[in-house]
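Residue-level structure breakdown
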Amino acid sequence: MISSARLLFSGIGADELMGGYSRHRGAWQNGGGLEGVLREIQLDIGRISERNLGRDNRVIGDHMRDCVAPFLDESFVSYLNPLPIQYKVRSFILSSIPELWILN
């Protein structure tokens, strides 16, 4: 089935901003704790335009579609970035491995 929709919503940015990748868990498990997870998140945010957005825009554009990335909206990122890391990952509740917390 081919959709006639021209606008796509992408979840890009959620894992980068809130520590949802296995490398964030690895930073935690390797003794970095919340500070290690925060360092990984900062690295992800710093390279998201090079690593992810260019690729995604090319793929979506090749199909003549446009994309909206609500997690990368400037006002959302400005709200989320100053929040303490413990509000972004759940590290001490139910598990010793951080998980996305704010989205749950």
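Residues numbered from 1 in each chain as written. Predicted model: local features only at pLDDT ≥ 70, side-chain atom pairs only at ≥ 80, totals over all residues. Heavy atoms only, no water.

Attention now moves to the overall build of the protein chain. Along its length, the protein chain carries three helices and two strands. Listed by position from the N terminus, the elements making up the protein chain come as β-α-α-β-α. Evaluated residue by residue, the protein chain yields a buried proportion of 33% over its 104 residues. (Helix = DSSP H or I, 4+ residues; strand = E, 2+ residues; numbered from the N terminus. Buried < 20%, exposed > 50% of the residue type's maximum accessible area, 1.4 Å probe, protein only.)

What follows covers the pattern of salt bridges. Under the criterion given, the structure shown has three salt bridges. Its salt-bridge partner being Asp 56, residue Arg 55 comes within 2.8 Å of it at the nearest N-O pair. Through salt bridges with shared partners, a single network forms among Arg 23, Asp 44 and Arg 47. (Salt bridge = Lys/Arg side-chain N within 4 Å of Asp/Glu carboxyl O.)

On the surface, Leu 7, Phe 9 and Val 68 cluster together to form a nonpolar patch covering roughly 290 Å² of accessible area. Here Phe 9 is to be found in strand β1 (residues 7–9). (Patch = residues over 30% accessible without salt bridge, like charges linked within 9 Å, V, L, I, M, F, W, Y side chains within 5 Å. Areas by Shrake-Rupley, 256 points an atom, 1.4 Å probe, with all protein chains shown as cover.)

Let us now look at unusual backbone geometry. Where the residue is not glycine, phi is negative for most of them; where a peptide bond is considered, it is trans in most cases. A positive phi angle is found at Met 64, which is not glycine, with a value near 55 degrees. Position of Met 64 among the secondary structure elements: in the loop between α2 (22–62) and β2 (66–68).

Before going further, it helps to examine the packing of aromatic side chains. Here the structure, examined in full by the defined rule, presents one aromatic pair. The interplanar angle of 70 degrees and the centroid separation of 5.6 Å between the aromatic rings of Phe 71 and Phe 76 together place this pair among those described as edge-to-face. (Phe/Tyr/Trp six-rings, centres within 6.5 Å; stacked < 30°, edge-to-face > 60°.)

All right, on to the nonpolar core then. Nonpolar side chains tend to gather and get buried jointly when the protein is soluble and globular. Trp 28, Leu 34, Val 37, Ile 41, Ile 85 and Val 89 form the largest nonpolar core, which has six residues in total. Counting residues in each nonpolar core, the second largest holds five residues, with Leu 17, Met 18, Val 77 and Leu 80 among its members. (Core = buried A, V, L, I, M, F, W, Y, C linked by side-chain atoms within 4.5 Å.)

The next thing to look at is the environment of Ser 3. Within the secondary structure, Ser 3 sits in the segment before β1. Polar side-chain contacts of Ser 3 include one of 3.0 Å to the backbone nitrogen of Ala 5. (Polar contact = N/O pair within 3.5 Å; in protein donor to acceptor, adjacent residues only side chain to side chain.)

Turning next to the side chain of His 24. Tracing the backbone shows His 24 in helix α2. Within the structure, His 24 has its side chain in polar contact with the side chain of Asp 44 (distance 2.7 Å). Once residues lying within four places of it in the same chain are set aside, the contact partners of His 24 are Asp 15, Gly 19, Val 37, Glu 40, Ile 41 and Asp 44. (Contact = heavy atoms within 4.5 Å.)

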